[in-house]
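# Understanding the architecture of this molecule
Single-letter residue listing:
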Amino acid sequence: MDRKINKPPKRKTKVQKSPLPTGEIERSEMRSRDRLKIPPEAGVRGQPRIKSEKVSIKPKRTRPSWDEYFMNIAELAATRSTCLRRQVGSVIVKDKKILATGYNGAPSGLKHCLDIGCLRDKLGIPSGERHELCRATHAEQNAIVQAALFGVSIRNSTLYSTTQPCILCTKLIINAGIKKIVIKDSYPDKMSREMLKEAGVEIQVFKSYVVKRLKS
């Protein structure tokens with residue numbers, strides 16, 4: 001007779017539930033990782049960790065317009081001025097290329113007003129009058145002279161100036177063939193505007209990154 005072999009009963013293994021919630025378990029494991037110096041790439045519970053790449057969003061860089069660009073250069077030229085009353089800078093441009101620059105100051109080799117004082121202040125001459133009683137050469141004049149010294153034609157060009165040209169500079173601008181001027185600040189010289197208008201020279205005012213046509 002075959003004997004029946006009685007197999008021992010299978011033991012049921014009880015899974016001990018952790019008294020801690022799932023989130024606390026993960027935090028506990030992370031603290032254990034720090035103590036054991038486990039690299040973060042190993043992940044939690046043996047699962048590989050997905051690396052997150054930091055994406056840096058750079059603000060869009062805005063380029064200055066051509067008028068802003070050339071007027072900024074005129075303002076930079078003005079920082080070289082030696083006039084005690086008004087610092088002016090000018091840039092002559094054609095086809096978006098700089099031909100000459102200038103700023104107001106005493107002629108080459110002569111003492112500057114910064115060193116010996118302002119003659120117009122000593123004589124009490126108001127702004128916009130008696131231009132001949134001044135040691136300085138104006139910024140527009142110096143820019144035109146620089147072009148002449150190096151044989152650069154400025155016909156049909158544009159002049160950027162931080163201040164409206166006076167009557168003396170206006171005469172040179174007209175005869176030099178400059179067809180357009182862009183100015184930032186006004187100047188008390190009505191005759192200058194009248195002559196520019198009569199000669200057909202276009203005048204524009206540069207304000208707050210916007211170039212506006214000057215009303216004559």
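Use the structure listed above.
Each value, and the rule that gives it
- Residues numbered from 1 in each chain as written.
- Predicted model: local features only at pLDDT ≥ 70, side-chain atom pairs only at ≥ 80, totals over all residues.
- Heavy atoms only, no water.
- Axes fitted to C-alpha atoms, helices over the stretch in contact; angles between N-to-C directions.
- Helix = DSSP H or I, 4+ residues; strand = E, 2+ residues; numbered from the N terminus.
- Parallel < 35°, antiparallel > 145°, perpendicular 65-115°, else oblique.
- Left-handed = near helix turned anticlockwise from the far one by under 90°.
- Contact = heavy atoms within 4.5 Å.
- Nonpolar A, V, L, I, M, F, W, Y, C, P; charged D, E, K, R; others polar.
- Salt bridge = Lys/Arg side-chain N within 4 Å of Asp/Glu carboxyl O.
- Buried < 20%, exposed > 50% of the residue type's maximum accessible area, 1.4 Å probe, protein only.

## A short note on the packing of helix H6 (residues 167–176) against helix H7 (residues 190–199)
Axis separation between H6 and H7 bottoms out at 9 Å; the angle between their running directions is 15°. The angle between H6 and H7 places the two elements in the roughly parallel class. The interaxial crossing formed by H6 with H7 has right-handed handedness. Between H6 and H7, the contacting residues are Ile167, Thr170, Lys171 and Ile174 on the first element and Met191, Ser192, Met195, Leu196 and Ala199 on the second. Split by residue class, the contact of H6 with H7 holds 6 nonpolar, 2 polar and 1 charged.

## Looking at the pattern of salt bridges
Per the stated rule, a full pass over the model turns up 3 salt bridges. Between Glu75 and Lys184 there is a salt bridge whose closest N-O contact spans 2.1 Å. Of this pair, Glu75 sits in helix H2 (residues 66–78) while Lys184 sits in strand E4 (residues 180–185), and the two are 109 residues apart along the sequence. Accessibility expressed as a relative area gives 29% for Lys184, which makes it partly exposed. Between Arg130 and Glu132 there is a salt bridge whose closest N-O contact spans 2.5 Å.

## Re the environment of Asn156
Here Asn156 shows up in the loop between helix H5 (139–149) and strand E3 (158–163). The residues contacting Asn156, other than those within four sequence positions of it, are Lys94, Gly177 and Lys179.

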